[in-house]
2 protein chains.
Amino acid sequence: MMSSTDLEIKLRSAGVRPTKPRMALGGVLFGNGDRHVTAEQLHSESVSEGIRVSLATIYNTLNVFTEAGLLREVAVEGHKSYFDTNTSNHYHYYVEDEGRLMDIENDQITVSGLPSTPAGMKVSRVDIIVRLEKDAE
Amino acid sequence: MMSSTDLEIKLRSAGVRPTKPRMALGGVLFGNGDRHVTAEQLHSESVSEGIRVSLATIYNTLNVFTEAGLLREVAVEGHKSYFDTNTSNHYHYYVEDEGRLMDIENDQITVSGLPSTPAGMKVSRVDIIVRLEKDAE
DNA sequence: ATAGCTGCAAATGCTTTGCAAGGCC
DNA sequence: GGCCTTGCAAAGCATTTGCAGCTAT
């Protein structure tokens with residue numbers, strides 16, 4: 001858990017004004033360890049916890065948090081964005097049958113053999129998604 | 001270039017009926033080396049080459065080709081799917097400023113340190129996207 | 001002949017936006 | 001007070017679907 005004071009500091013440090021909806025959503029997002037949510041998931045979860053926010057505000061808040069570096073957006077497949085509360089460098093499993101995203105709990109992953117970056121460009125991020133399906137065994 | 005006979009064989013072997021639109025789109029897709037296109041790009045390119053197809057057919061064809069294993073779909077970021085004519089195992093650069101996808105021309109890439117796959121699951125595919133931005137140098 | 005395609009337009013799903021009312025510093 | 005934020009509903013995009021007519025085998 002994270003105290004509301006800590007949360008307020010977290011938001012302020014990132015340059016995000018701690019409004020009531022942002023504090024409430026921040027509590028849901030950052031109060032329970034690393035999470036991966038879609039806008040729709042966050043909305044229904046918030047509503048069922050008694051937080052009354054519109055879906056527009058959910059999107060707005062997720063975007064503001066992402067731009068402020070509090071969340072990381074993960075593209076898995078068209079028409080659905082996942083937001084990850086773990087902004088450190090790490091990779092993901094994606095369970096295709098369930099549409100569920102998980103962190104790969106291992107910081108030993110290394111990618112080798114990458115060619116040199118094209119001239120005038122630099123790497124902004126490396127995304128790795130390991131897609132999983134049920135074992136037909 | 002690929003002859004229309006070869007293209008027809010390619011489609012038939014994949015279990016895809018070689019209709020007129022499919023042959024025409026197949027020519028655009030497979031006639032010029034490895035490509036990465038969005039539906040919209042393929043549509044406007046086809047139209048400017050005098051191929052009259054509706055956007056619905058573009059989507060339908062891309063999906064049929066993908067299911068038949070002739071294309072591979074790459075998720076880069078919300079609201080846009082890229083289709084790659086290179087279906088072999090390889091990874092991508094994504095140039096963020098231009099929305100352009102490129103194959104990483106190197107088969108030396110290896111990923112090590114992956115933890116064992118969760119029980120009952122197997123890896124269906126590993127996607128790696130190296131995001132590039134302009135070097136601010 | 002008949003199962004499968006295509007095109008059109010309407011529908012869908014996710015996300016953004018315009019604008020008036022309200023909240024934060 | 002003034003600027004930023006919220007909510008609602010409407011708009012926007014990319015993609016899919018229903019259906020009547022057409023095509024490949």
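Relevant structure appears above.
To start, this report covers the structure provided alongside it. All values derive from a computational prediction rather than experimental measurement. (Residues numbered from 1 in each chain as written. Chains lettered and ligands numbered in written order. Predicted model: local features only at pLDDT ≥ 70, side-chain atom pairs only at ≥ 80, totals over all residues. Heavy atoms only, no water.)

Residues and elements named next belong to chain A. As summarised here, the arrangement of the three strands in space is E1-E3-E2, forming an open sheet in which the pairing is antiparallel. Among the strands making up the open sheet, the edge pair consists of strand E1 (36-37) and strand E2 (72-77). Bridge count for E1 against strand E3 (residues 80-84) is two bridges, and the pairing is antiparallel. When the sheet's bridge partners are listed, His-36 is paired in E3 with Asp-84. (Pairing = 2+ DSSP bridges. Helix = DSSP H or I, 4+ residues; strand = E, 2+ residues; numbered from the N terminus.)

Further remarks concern the pairing of strand E2 (residues 72-77) of chain B. In summary, the side chains of a regular strand alternate between the two faces of the sheet. Residues and elements named next belong to chain B. Bridge analysis of E2 against strand E3 (residues 80-84) gives five bridges, and the strand direction is antiparallel. Bridging from a neighbouring strand, Ala-75 pairs with Ser-81 of E3. With antiparallel pairing between neighbouring strands as the criterion, E2 and E3 make up a hairpin whose turn holds two residues, including His-79 at a positive phi of roughly 60°.

Residues and elements named next belong to chain B. With 13 residues, helix H4 (residues 55-67) extends 18 Å from end C-alpha to end C-alpha; this agrees with the ideal 18 Å at 1.5 Å per step. Considered for burial, the residues of H4 that qualify are Ile-58, Thr-61, Leu-62, Val-64 and Phe-65. What you see down the axis of H4 is that its buried residues fit within an arc of 165°, all on one side. In this structure, H4 carries Ala-56 and Glu-67 as exposed residues pointing more than 90 degrees from its buried face. Buried residues along H4 sit in contact with helix H1 (4-13), helix H2 (20-30), helix H3 (39-48) and E3. Once H4 ends, the next one or two residues include Gly-69, with phi positive near 85°. (Expected span 1.5 Å × (residues − 1). Buried < 20%, exposed > 50% of the residue type's maximum accessible area, 1.4 Å probe, protein only. Arc of directions from axis to C-beta. Contact = heavy atoms within 4.5 Å.)

The next subject is the interface of chain B and chain A. How large an interface is tends to be reported as the accessible area lost when its parts come together. Each partner contributes residues to the interface: chain B has 40 residues there, and chain A has 40 residues. Taken as a group, Met-121, Lys-122 and Arg-131 of chain B account for 17% of the area that chain B buries against chain A, more than any other trio of residues on that side. Viewed at the interface, chain A and chain B are joined by four salt bridges. The shortest N-O distance in the salt bridge between Glu-133 of chain B and Lys-122 of chain A comes to 3.4 Å. For the interface between chain B and chain A, the tally reads 16 residue pairs in polar contact (both at pLDDT 80 or more). Of all the elements in the fold, those that place two or more residues in the side of chain B that touches chain A are E2, strand E4 (92-95), strand E6 (110-112) and strand E7 (121-134) of chain B. A per-element tally of the side of chain B that touches chain A places E7 of chain B first, with 14 residues. (Buried area = accessible area lost by both parts, 1.4 Å probe. Salt bridge = Lys/Arg side-chain N within 4 Å of Asp/Glu carboxyl O. Polar contact = N/O pair within 3.5 Å; in protein donor to acceptor, adjacent residues only side chain to side chain.)

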